[in-house]
Amino acid sequence: MRATAFMETWGKIMEQSRKASGKILVFGRGTNPVNFVSATDVATLVSHAVVTRGLRSQVLEIGGPDNLTFDQVASLLQETIGSAATVRHIPRLALHAMAMATAGLKPELARQARAALAMDAIDMTFDPSRIRRAFPQLPNTDMATALKALLA
């Protein structure tokens, strides 16, 4: 199973920063489109693959319905909470420094910084039409719905 970036992970990171500082953190420029998928959608496909013999040896790729920038995700979060929280961009140079400085102390933070750098620079778009045609029964959760569920 190959999934794109999880909506819930990045939504939670943005919401935690907003709660802690009043600012929604956007890593990097925030303008690179990324495909986000809901963990619920992935879990549904995994459970289907587990019980379907013909799928056991296949690599299934799944993504969400939209390719969004982090700036767009921040806007959706603002809409969801009903507040125009300030958006603060963490510059790429700061992300590089964070990845280097935290590698030995907090490897998970270093991994997040490296992931944010990649997501800010690499084409992370995905066309989900193939997997959605093959499995039309899969949920197709959009970011706004995932954020509402995350914040409920």
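The structure this text deals with has already been given above.
So, how was this worked out
- Residues numbered from 1 in each chain as written.
- Predicted model: local features only at pLDDT ≥ 70, side-chain atom pairs only at ≥ 80, totals over all residues.
- Heavy atoms only, no water.
- Pairing = 2+ DSSP bridges.
- Helix = DSSP H or I, 4+ residues; strand = E, 2+ residues; numbered from the N terminus.
- Core = buried A, V, L, I, M, F, W, Y, C linked by side-chain atoms within 4.5 Å.
- Buried < 20%, exposed > 50% of the residue type's maximum accessible area, 1.4 Å probe, protein only.
- Arc of directions from axis to C-beta.
- Contact = heavy atoms within 4.5 Å.
- Salt bridge = Lys/Arg side-chain N within 4 Å of Asp/Glu carboxyl O.
- Axes fitted to C-alpha atoms, helices over the stretch in contact; angles between N-to-C directions.
- Parallel < 35°, antiparallel > 145°, perpendicular 65-115°, else oblique.
- Left-handed = near helix turned anticlockwise from the far one by under 90°.
- Nonpolar A, V, L, I, M, F, W, Y, C, P; charged D, E, K, R; others polar.

Draft legend 1. Representation of the sheet that holds strand β2 (residues 5-6). Strand order in the open sheet formed by 3 strands is β2-β4-β6, with mixed pairing between adjacent strands. Of all the strands in the sheet, the pair left with one neighbour each is β2 and β6 (67-68). Pairing between β2 and strand β4 (residues 34-37): 2 bridges, direction parallel. When the sheet's bridge partners are listed, A5 is paired in β4 with F36.

Draft legend 2. Seen up close, the nonpolar core. Ranked by internal contacts, the top residues of the largest apolar core, which has 28 residues, are W10, M14, F27, F36, F70 and M143. Broken down by element, the residue count for this core peaks at 5 residues, all from helix α3 (residues 70-81). Judged by nonpolar contacts, the second largest core, of 10 residues, contains A49, L55, I131 and F135.

Draft legend 3. Just helix α7 (residues 143-151), in detail. M143, A146 and L147 are the residues of α7 that are buried. When α7 is viewed along its axis, its buried side chains cluster within an angular range of 100° and face the same direction. Of the exposed residues in α7, the ones pointing more than 90 degrees away from its buried face are K148 and A149. Where α7 is buried, its residues touch α1 (7-21), β4, β6 and α3.

Draft legend 4. View of the pattern of salt bridges. Summed over all chains, the structure comprises 5 salt bridges. With its nearest N and O atoms 3.5 Å apart, the salt bridge here joins R132 to D41. Within this pair, whereas R132 is found in helix α6 (residues 129-134), its partner D41 is found in helix α2 (residues 39-51), the two being separated by 91 residues in sequence. With relative accessibility at 13%, the residue R132 sits in the buried group. In this structure, the salt-bridge partner of D120 is R92, at a minimum N-O distance of 3.1 Å. In this pair, D120 is assigned in helix α5 (residues 107-121) and R92 in helix α4 (residues 92-102), connecting sequence segments 28 residues apart. Several salt bridges share partner residues, and in doing so they unite R29, R92 and D120 into one network.

Draft legend 5. Spatial organisation of the packing of α4 against α5. Where α4 meets α5, the axes come as close as 8 Å, and the angle between the chain directions of the two elements is 150°. As summarised for this structure, α4 and α5 are arranged roughly antiparallel, according to the angle between their axes. Classified by chirality, the crossing of α5 by α4 is left-handed. Residues R92, L95, H96, M98, A99 and T102 of α4 form the contact with α5, whose participating residues are P107, L109, A110, A113, R114, A116, L117, D120 and A121. Residue composition of the contact of α4 with α5, grouped by class: 10 nonpolar, 2 polar and 3 charged.

Worth remembering: the numbers are spatial, not functional.
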